[in-house]
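Chain residues, written in single-letter form:
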Amino acid sequence: MAEAHSAVAFSFAITHDGWDVNFDREVLYLVWESGIRSWKKRLARCRNSVHNGVYPGHLQSLYVLWTLLVAVHFAGFNVPFGLVQKALVILPSNSTMWQVVACLLAALTMWLSVIFLMRYLLKLLLMYKGWMYESRAPGSKISLKSMLWISVVKVLSGWNKPKLYSFQGSLPRLPLPSVKDTMRRYLSSVRPLLDDENYKRVQGLAQEFEETIAVKLQRYLILKSWWSSNYVSDWWEEYVYLRGRSPLMVNSNFYGTDAILLRPTNNQAARAGVIIHLCLQFRRLIDRQELEPIMLQNMVPLCSWQYERLFNTVRVPGIERDKIVHYEDSTHITVYHKGRYFKVFVYSRGRLLKPAEIQVQIQQILDDKSEPLAYEERVGALTAGERTHWAHIRQTMFNRGHNRTSLHCIERAAFNVCLDDFEYGYDENDPSKLDEFGRVLLHGKGHDRWFDKSFNLCFSKNGFVGFNAEHTWADAPVMGHLWEYVIWCELEIGYAQDGNTVGTVDSPPPAPIRLQWDLDNEELTKAIDTSFNVAQKLLNDVDLRILMYTNYGKGFMKTCRVSPDAFLQLVLQLSYYRDAGRFCLTYEASMTRLYREGRTETVRSCTIESSNWVKSMNDPNASIEERMDLFLKASKRHQLGYQDAMAGRGIDRHLFCLYVVSKYLELESPFLQEVFNEPWRLSTSQTPHGQTSMLDLKKYPKCVSAGGGFGPVADDGYGVSYIIVGEDRIFFHVSSKKSCPITSSSKFVNQIERSLKDIQDLFTEYKKLKNAINKSNYPVYTV
């Protein structure tokens with residue numbers, strides 16, 4: 001066994017003849033390699049820290065300024081502020097060497113002053129969010145204020161290439177809204193959901209809250225907003241994720257799919273070799289900070305904090321709360337296949353293994369005919385069950401021996417790989433295959449994914465790939481960035497004609513090591529059965545449908561001059577109303593990564609304007625002009641709500657933090673109870689696409705990912721994720737629970753298709769009507 005072999009790689013004993021030393025040169029060489037790699041990473045991080053610390057300045061500018069001051073000083077001219085002479089006073093002598101040192105101190109003083117001024121100025125500039133609210137429609141003019149702002153930002157940040165974390169010190173803190181503004185926005189958001197009597201009741205609760213305990217709660221939040229980098233993110237991670245005791249599978253983890261129209265290879269081992277290699281290449285870019293930060297409009301940076309825990313990360317279960325553990329480095333991945341776990345080293349001789357070498361390792365696992373131990377196949381079910389149950393078993397049954405060694409191997413891995421022994425993916429002749437693809441990625445068999453890991457790569461027998469990601473460490477855009485990189489680089493690398501990876505294997509790579517378990521314990525087997533049964537009940541209750549809509553996409557939405565996100569949110573509002581016969585509290589996730597350590601904010605998509613438009617679409621007496629006018633008003637209102645959320649003017653994160661403080665202070669609030677007792681029956685999210693310029697759909701028109709999805713948030717609600725791909729394709733991932741008699745993902749998908757067609761018909765009829773009257777264009781929507 002490799003673990004035992006490593007344990008005795010170096011040993012010594014005292015004998016009658018003296019010291020008896022035994023060592024394994026191969027293992028010692030691995031230790032040496034590990035140390036060298038670790039020190040290289042430390043030096044790189046130190047260099048990057050200096051670069052980030054002086055950004056947007058450049059270290060070379062210090063050398064230039066030093067040289068200039070030396071030339072000026074020895075030419076007999078006075079250096080500004082007499083800095084050289086002041087430095088010479090504290091130096092030992094007035095010799096030539098010390099004069100050069102004095103010039104260095106003067107240059108350093110001047111350089112640091114300019115650097116800090118530039119950084120502070122950039123931070124002040126990034127606090128400005130007025131550019132978000134200005135129209136970007138064709139023919140629209142940008143205000144003079146925003147033009148000046150754009151010019152200065154580009155000057156400050158454009159002359160030095162940023163690294164991944166270069167802007168972290170310049171990003172502003174998330175602003176804390178006033179209680180009055182939050183109450184006003186909240187009451188406006190619930191108005192379409194309540195009748196007059198209930199609205200007056202909630203209005204009274206809100207007024208009482210604002211005038212009483214909210215004053216005290218807000219003071220604590222003001223202190224927190226001054227003291228912490230972000231007044232929301234740490235509490236959000238703690239109370240929304242880590243203290244949750246329900247299973248991660250379906251309830252928290254999300255999934256992402258392959259580029260379904262591409263079939264680069266049917267060879268499972270070859271596909272795994274390339275994708276694993278590219279993921280590790282992406283990790284190296286993060287470690288070296290060579291990955292450029294995502295920039296909105298190519299000038300406004302997004303926070304890169306979440307990238308730190310993309311790899312080598314695991315959520316460790318606890319009795320009352322879990323914790324996120326991130327390891328600085330990992331030289332291996334773990335692979336699950338047919339109930340067995342393998343440790344696979346991905347570095348050899350100080351370098352990352354090539355795709356062809358990883359393919360050899362994966363093929364060795366696929367060819368391994370050994371059988372799993374009793375219950376070994378279901379060990380992963382522990383990560384799919386209740387968290388407290390898993391924490392208890394982990395502390396008592398995985399604290400020693402083989403179980404401890406194997407568990408730590410999985411948890412310390414860069415990520416986990418699942419080699420499934422069955423086929424799934426996309427089949428244009430069978431749309432239901434796409435539904436199965438989503439279910440496999442969302443929950444698998446309930447025991448064949450390690451749901452605690454930051455992400456699992458899942459490979460089908462016929463070469464399709466997807467991922468299942470844990471949600472605590474980051475949000476979907478980070479995984480989306482990784483996935484865009486992987487898909488694009490895979491197209492560039494390509495495969496051989498026979499479906500294998502390109503390249504040769506010069507020497508055999510390290511062989512996979514099968515992990516050992518000690519599962520011959522009645523308490524442990526019962527615990528595994530308990531988690532397995534919980535997982536089976538949960539996954540069997542999932543009703544998931546994936547719709548690929550190809551009648552139109554972003555191209556048609558552009559002709560409507562409407563924000564694509566607002567367009568689809570109105571589609572969902574109309575679809576839900578037709579499905580349920582009422583409006584509901586709707587959650588749409590938007591990012592707050594324009595601020596340091598920002599994560600998400602809620603956009604309440606059900607508004608007074610959207611409800612008015614939905615009613616008009618179901619009113620046979622409503623005219624086309626009336627429906628169009630209400631549609632444009634609703635889309636403008638939604639876009640404003642989305643912009644407010646991104647700018648830190650949201651509702652729900654502020655209310656959440658007020659609620660947390662009230663619990664700490666043991667203060668009861670009927671208003672806060674009212675807020676947090678209302679379920680999000682429609683939880684929605686737009687899957688990020690095209691975050692970088694890598695994926696060119698004109699060059700690779702078939703490079704279309706179906707996006708990803710998640711489970712339903714409410715027992716009687718829907719979870720809807722959507723992605724707009726190209727000019728003529730939209731994907732919707734709709735999930736609900738089979739046990740709920742009033743929800744059906746199939747029916748909701750049908751309503752989405754109907755609503756998409758009805759809106760297309762509305763614009764078509766309106767355009768015909770306007771052309772018939774005066775041949776003029778319909779109203780132009782401005783963002």
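Residues numbered from 1 in each chain as written. Predicted model: local features only at pLDDT ≥ 70, side-chain atom pairs only at ≥ 80, totals over all residues. Heavy atoms only, no water.

The protein chain appears in an unreviewed UniProt entry as carnitine O-palmitoyltransferase from Arctia plantaginis. Quoted verbatim from the Sequence similarities (unreviewed entry) heading of the UniProt record, the comment on the protein chain is "Belongs to the carnitine/choline acetyltransferase family." According to the UniProt record, the Pathway (unreviewed entry) comment for the protein chain is "Lipid metabolism; fatty acid beta-oxidation." (UniProt positions renumbered as here; feature names shortened; annotations may be inferred.)

Undergrad: Whenever I open this one, the overall build of the protein chain confuses me. Can you help?
TA: Along the protein chain, the regular secondary structure elements total 24 helices and 22 strands. Whereas a compact globule of 783 residues would reach a radius of gyration of roughly 28 Å, the protein chain reaches 29 Å, a difference of no more than 12%. Across the 783 residues of the protein chain, 55% fall into the buried class. Counted over contacts in the protein chain with a minimum sequence separation of 6, partners at least 24 positions apart contribute 78%. Roughly 35,100 Å² of accessible area belongs to the protein chain as shown, and the carbon and sulfur atoms make up 54% of that amount. Each charge class in the protein chain can be summarised by its mean position, and for the 92 positive and 83 negative side chains these summaries are 6 Å apart. (Helix = DSSP H or I, 4+ residues; strand = E, 2+ residues; numbered from the N terminus. Rg over C-alpha atoms; globule rule 2.2 N^0.38 Å. Buried < 20%, exposed > 50% of the residue type's maximum accessible area, 1.4 Å probe, protein only. Contact = heavy atoms within 4.5 Å. Areas by Shrake-Rupley, 256 points an atom, 1.4 Å probe, with all protein chains shown as cover. Lys, Arg positive; Asp, Glu negative; His and termini not counted. Charge placed at Lys NZ, Arg CZ, Asp CG, Glu CD.)

Undergrad: I'm lost on helix α15 (residues 432-442) in this one. Help?
TA: When α15 is considered as a whole, its buried residues turn out to be Leu434, Asp435, Phe437, Gly438, Val440, Leu441 and Leu442. The elements touched by buried residues of α15 are β3 (254-256), β13 (455-459), β14 (465-469), β16 (542-549) and β22 (730-737). Gly444 occupies a position one or two residues after α15 and carries a positive phi of about 55°.

Undergrad: When you look at the packing of helix α3 (residues 59-74) against helix α5 (residues 96-126) in this model, what are you seeing that I'm missing?
TA: When two helices pack together, you describe them by how their axes are tilted relative to each other and by the distance separating the axes. The contact between α3 and α5 brings their axes to 8 Å, and the two run at 130°. The angle between the axes of α3 and α5 places the two elements in the oblique class. Read as a crossing pair, α3 and α5 show a hand that is right-handed. Mapping the contact onto sequence places Leu59, Ser61, Leu62, Leu65, Trp66, Leu69, Val70, His73 and Phe74 in α3 and Thr96, Gln99, Val100, Cys103, Leu104, Ala106, Ala107, Leu108, Met110 and Trp111 in α5. By residue class, the composition of the contact of α3 with α5 is 15 nonpolar, four polar and no charged. (Axes fitted to C-alpha atoms, helices over the stretch in contact; angles between N-to-C directions. Parallel < 35°, antiparallel > 145°, perpendicular 65-115°, else oblique. Left-handed = near helix turned anticlockwise from the far one by under 90°. Nonpolar A, V, L, I, M, F, W, Y, C, P; charged D, E, K, R; others polar.)

Undergrad: In this structure, what is going on with the sheet that holds strand β19 (residues 682-686)? I would like to understand it.
TA: Remark on secondary structure: sheet strands pair via backbone hydrogen bonds, oriented parallel or antiparallel. Taken together, six strands build an open sheet; the order of strands is β16-β22-β21-β19-β17-β18 and the sheet is mixed. Two strands lie at the open edges of the sheet, namely β16 and β18 (600-604), each paired on one side alone. Sheet twist, expressed as the mean angle between neighbouring strand axes with direction ignored, is 20°. As judged from the five bridges shared by strand β17 (residues 586-591) and β18, these two strands associate in the antiparallel manner. Paired with Tyr587 across the bridge in β18 is Arg604. (Pairing = 2+ DSSP bridges.)

Undergrad: Quick question: what am I supposed to make of the packing of aromatic side chains here?
TA: Aromatic ring pairs are defined here through the distance separating the ring centres and the angle between the ring planes. Counted according to the given criterion, the structure contains 36 aromatic pairs. Here Tyr186 and Phe671 contribute two aromatic rings whose centre-to-centre distance is 5.3 Å and whose plane-to-plane angle is 85°, an arrangement assigned as edge-to-face. Residue Tyr186 is located in helix α7 (residues 179-190), and its partner Phe671 is located in helix α23 (residues 670-677); the two are separated by 485 residues in the primary sequence. Looking at Phe671, the relative accessible area reads 1%, which means it is buried. Ring centres of Phe556 and Phe567 lie 6.3 Å apart, and the angle between their planes is 85°; on these two criteria the pair is classed as edge-to-face. With Phe556 in helix α18 (residues 554-559) and Phe567 in helix α19 (residues 564-580), this pair connects stretches of sequence that are eleven residues apart. The residues Phe556 and Phe567 share a single accessibility class, namely buried. Each residue in the set Tyr549, Tyr552, Phe556, Phe567, Trp613, Phe631 and Phe763 is aromatic and connected to the rest through ring pairs, giving one cluster. Across the ring face of Tyr199, the terminal group of Arg191 is positioned such that the distance to the ring centre comes to 4.5 Å. (Phe/Tyr/Trp six-rings, centres within 6.5 Å; stacked < 30°, edge-to-face > 60°. Lys NZ or Arg CZ within 6 Å of the ring centre and 35° of its normal.)

Undergrad: Sorry, what's going on with the packing of helix α13 (residues 387-397) against helix α17 (residues 522-540) here?
TA: At their nearest, the axes of α13 and α17 sit 11 Å apart, and the two run at 160° to each other. The angle between α13 and α17 falls in the class roughly antiparallel. When you trace α13 past α17, the crossing you get is left-handed. On α17, the residues that touch His389, His392, Ile393 and Met397 of α13 are Glu523, Leu524, Ala527, Thr530 and Ser531. Each residue belonging to the contact of α13 with α17 can be placed in one class, and the counts come to four nonpolar, four polar and one charged.

Undergrad: How do you make sense of helix α8 (residues 196-211) when you look at a structure like this?
TA: Over its 16 residues, α8 runs 22 Å from end to end, which matches the ideal 22 Å to within 8%, given 1.5 Å per residue. Taken together, the buried residues of α8 touch α7, α9 (213-227), α22 (652-664) and α23. (Expected span 1.5 Å × (residues − 1).)

Undergrad: Sorry, what's going on with the UniProt feature "transmembrane region" (unreviewed entry) in the protein chain here?
TA: In the numbering used here, UniProt assigns the "transmembrane region" (unreviewed entry) feature to residues 62-84 and 96-122. Secondary structure across residues 62-84 divides into 65% helix and 0% strand, with the first and last C-alpha atoms of the span separated by 16 Å. The span residues 96-122 carries 100% helix and 0% strand; its end-to-end C-alpha distance comes to 39 Å.

Undergrad: Would you mind going over the nonpolar core with me for this structure?
TA: Nonpolar side chains in soluble globular proteins tend to end up buried together. If you look at the biggest cluster of nonpolar residues, it comprises 119 residues, and the most contacted ones within it are Ile276, Leu310, Phe415, Leu457 and Phe671. The element best represented in this core is helix α11 (residues 268-287), accounting for twelve residues. Every residue in contact with Ile276, bar those within four places of it in the chain, is listed here: Ile333, Ile358, Ile362, Phe415, Val417 and Leu457. Listed in part, the 41 residues of the second largest apolar core include Leu574, Leu630, Ile752 and Leu756. (Core = buried A, V, L, I, M, F, W, Y, C linked by side-chain atoms within 4.5 Å.)

Undergrad: Please clarify how the environment of Gln359 should be interpreted in this entry.
TA: Its location among the elements puts Gln359 in helix α12 (residues 355-367). Looking at Gln359, the relative accessible area reads 10%, which means it is buried. With 244 residues separating them along the chain, Gln359 and Ile115 place their C-alpha atoms 48 Å apart. In this structure, Gln359 is in contact with Asn267, Ala269, Ala270, Gly273, Asn500 and Thr501, ignoring residues within four places of it in sequence.

Undergrad: For this particular structure, what's the right way to read the pairing of strand β9 (residues 340-345)?
TA: Where a strand is regular, its side chains alternate between the two sheet faces. Counting buried positions over the six residues of β9 gives five, a clear majority of the element. Relative to β9, strand β8 (residues 332-337) is paired through six bridges, and the arrangement is antiparallel. Bridge pairing in β9 links His337 to Arg340. The hairpin turn running from β8 into β9, its antiparallel successor, is two residues long, and Lys338 in that turn takes a positive phi close to 50°.

Undergrad: I would appreciate a short explanation of the side chain of Asn230 in the present structure.
TA: Structurally, the position occupied by Asn230 is in the loop between α9 and α10 (233-242). Judged by its relative accessible area of 3%, Asn230 is buried. Side-chain polar atoms of Asn230 contact the backbone oxygen of Arg596, separated by 3.0 Å. (Polar contact = N/O pair within 3.5 Å; in protein donor to acceptor, adjacent residues only side chain to side chain.)

Undergrad: I keep staring at the side chain of Lys453 and nothing clicks. Help me out?
TA: Secondary-structure assignment places Lys453 in the loop between α15 and β13. Buried and unpaired, Lys453 has Glu411 as its nearest opposite-charge partner, separated by 8.2 Å. When sequence neighbours within four positions are dropped, the list of residues in contact with Lys453 reads Asn312, Thr313, Val314, Ile410, Glu411, Arg412, Ala413, Ala414, Phe415, Asn416 and Glu470. (Salt bridge = Lys/Arg side-chain N within 4 Å of Asp/Glu carboxyl O.)

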